[in-house]
Amino acid sequence: MRIAVGGIHTECSTYSPVLMTVEDFRVLRGAELLKADYFSFLEADGVEHVSLLHARAVPGGPVSRGAYDAFKTEFLERLRAALPLDGLYLAMHGAIKVDGMDDAEGDWISAARAVVGPDCPIATSYDLHGNVSQKIIDQIDIFAGYRTAPHIDTRETMVRAWSMLVEALRTGTRPGVAWAPVPLLLPGECTSTEDEPARSLYRRLPDFDARPGILDANLMVGYVWADEPRATACAVVTGSDKAVASKAAEEIATSYWNERENFRFGPVTGPLEAMLDIAEETATRPVILADSGDNPTGGGVGDRADVLRALLARGWRDALISGIADRPAVDACFAAGEGTTLALRLGGSLDPSSPVAEVTATVVRLDDPGPLSERQAVIRVGQIEVVMSARRRPYHNIEDFRRLGLDPSTVRLLVVKSGYLSPELAPIANPNLMALTDGVVNQDIANLTSVRRQRPVFPFDRGFDFEPRARFSARWT
């Protein structure tokens, strides 16, 4: 059996003015793809995996049309060259916004279907924060989505999708996909699977899997910072029995809708100044403060200096801010050298509307892994240390700090551009606070500009009735 593997994976806030380019993506091609840890599960007796192209980027603003077209063109060229195929596995995200285009995943998967033809089964894996459309569902035979947020089951989800595809090819069966949209859009910070009611909703999904006629049941939260028609929550079920799959999709959709008023933020949450008041009165350490509106893993720009300005205004001592994306400031630090003091303008290097901080800083440490875009600098401003990066990136892993000679567990206050904390930072938070800061992924959901979404949708609209109706893939006949 010959199974081709590829895809495109990122998440795009339509509120961000900063377009992503080719340089923002890590691209795996050919043998490099098969050797990557991300795809190291692709082994099975009697299966030849044909690697195409997989492009993945830290979430951000819309992808430039030129970048998307370049990736899609190369992917399709590789796909045509790989024919004939028995199956195609696409590792996607589901929340890509391409500048000037709606439903980029629908465009990508439809183009792949046109190449492989109607007889080749297509399996997809998605982030649970992806948005689904009928166009997407009509092209595929198998669907699997993450069941954890924070995402600790990425590999497991990919294996689920791939395993269903391998089994379908071995048995000669053809699964189908049913889905039920839910007019509900909430941020991931309110729907973490570590908190109720999402925890219970997701823990029940394996019970649906166990029903005869169902292969894989999914609840998609969707991506709320996309003001576009397909933005919605939904239930998606892969199955062998249309009636059973339809009933399951409607049950999952109903259970999510019924809990709509019960979702809450997990950590203590409030305006920035209120969170800093709590941090000042807290004796334990490290207090970890999430700068939620500028979270790059949710699509934030990552170049805002709001929190730094607030801490300086309070004369804060013993804080670590990581990090602010500001290549000009990083370049200036490298030009000056470690141990020097210089005037810096931090923030606003990507989005001109982002707040900036004019500071006098001492260069503490420089990190130069090679490419200019990967350089980092640690500076000290008063009693505050700040990590700056030449590109947009998160600081969510302990190794991110160790590389720079920093120990996040020892500081009084650690500020990270995040929503819910990563699995590595959450255990050391003592406590975790989330600041409702400004930015292109801010948590003021009901007041987000909503011009192109299908309405009504909660919480933009309230007081309307909803009853789910399952729909099927056009391929499930």
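Heads up: these notes are all about the structure in this document. (Residues numbered from 1 in each chain as written. Predicted model: local features only at pLDDT ≥ 70, side-chain atom pairs only at ≥ 80, totals over all residues. Heavy atoms only, no water.)

Here's the deal with the overall build of the protein chain
Line of reasoning, step 1. A count of helical and extended segments in the protein chain gives twelve helices and 19 strands.
Line of reasoning, step 2. For 477 residues, the compact-globule formula gives about 23 Å, and the C-alpha radius of gyration of the protein chain, at 23 Å, lands near that figure.
Line of reasoning, step 3. Structurally, the protein chain occupies a C-alpha span of about 70 × 50 × 40 Å along its principal axes.
Line of reasoning, step 4. Considering the protein chain as a whole, with its 477 residues, one finds that 62% of them fall into the buried category.
Line of reasoning, step 5. When contacts within the protein chain are restricted to residue pairs at least 6 apart in sequence, long-range pairs at least 24 apart make up 75% of them.
Line of reasoning, step 6. Per element, the accessible surface of the protein chain, about 17,900 Å² overall, is 48% carbon and sulfur. (Helix = DSSP H or I, 4+ residues; strand = E, 2+ residues; numbered from the N terminus. Rg over C-alpha atoms; globule rule 2.2 N^0.38 Å. Buried < 20%, exposed > 50% of the residue type's maximum accessible area, 1.4 Å probe, protein only. Contact = heavy atoms within 4.5 Å. Areas by Shrake-Rupley, 256 points an atom, 1.4 Å probe, with all protein chains shown as cover.)

Looking at the pairing of strand β17 (residues 413–416)
The side chains of a regular strand alternate between the sheet's two faces.
Line of reasoning, step 1. Judged by which residues are buried, β17 turns out to be covered on both faces: L413 and V415 on one side and L414 and V416 on the other are all buried.
Line of reasoning, step 2. Sheet topology note: the strand β12 (residues 317–325)/β17 ladder contains four bridges and is parallel. Across the sheet, L320 pairs through a bridge with L414, a residue of β17. (Pairing = 2+ DSSP bridges.)

Section: the sheet that holds strand β7 (residues 176–182)
Line of reasoning, step 1. Across the sheet, four strands lie side by side as β8-β9-β7-β19; this open sheet has antiparallel pairing. Strands at the two margins of the open sheet, each flanked by one partner only, are β8 (214–220) and β19 (471–472).
Line of reasoning, step 2. Both β8 and strand β9 (residues 233–239) contribute to a ladder of six bridges, which runs antiparallel. Bridging from a neighbouring strand, I214 pairs with G239 of β9.

Some details on the packing of aromatic side chains
Two numbers describe a pair of aromatic rings. These are the distance of the centres and the angle of the planes.
Line of reasoning, step 1. Taken as a whole and assessed by the stated rule, the structure comprises twelve aromatic pairs.
Line of reasoning, step 2. Relative to F143, the ring of Y126 has its centre 5.0 Å away and its plane inclined at 40 degrees; by these criteria the two rings are tilted. Of this pair, Y126 sits in strand β5 (residues 122–126) while F143 sits in strand β6 (residues 142–145), placing them 17 residues apart in sequence. Just as Y126 is buried, F143 falls in that class too.
Line of reasoning, step 3. Here the aromatic rings of Y395 and F401 are separated by 6.4 Å at their centres, their planes lie at 55 degrees, and the arrangement is tilted. Like Y395, the residue F401 is buried in the burial classification.
Line of reasoning, step 4. When the ring centre of F472 is taken as reference, the NZ or CZ atom of K242 above it lies at 4.6 Å.
Line of reasoning, step 5. In this structure, R393 packs its charged tip against the face of Y395, placed 4.2 Å from the ring centre. (Phe/Tyr/Trp six-rings, centres within 6.5 Å; stacked < 30°, edge-to-face > 60°. Lys NZ or Arg CZ within 6 Å of the ring centre and 35° of its normal.)

Here's the deal with the environment of I288
Line of reasoning, step 1. With respect to the element layout, I288 can be found in strand β11 (residues 287–291).
Line of reasoning, step 2. In this structure I288 comes out as buried when scored by relative accessible area, which is 0%.
Line of reasoning, step 3. Taking C-alpha positions, I288 is 29 Å from L372, a pair spaced 84 residues apart along the chain.
Line of reasoning, step 4. With residues up to four places along the chain from it excluded, the contact list for I288 reads L414, V416, L421, L425, I428, A429, P431, N432 and L433.

Concerning the nonpolar core
Line of reasoning, step 1. F39, Y89, V237, I252 and Y256 are the most contacted members of the largest nonpolar core, which totals 55 residues.
Line of reasoning, step 2. It is helix α8 (residues 242–258) that contributes the most residues to this core, seven residues altogether.
Line of reasoning, step 3. Counting 46 residues, the second largest nonpolar core, distinct from the first, contains M20, V27, L79 and Y126. (Core = buried A, V, L, I, M, F, W, Y, C linked by side-chain atoms within 4.5 Å.)

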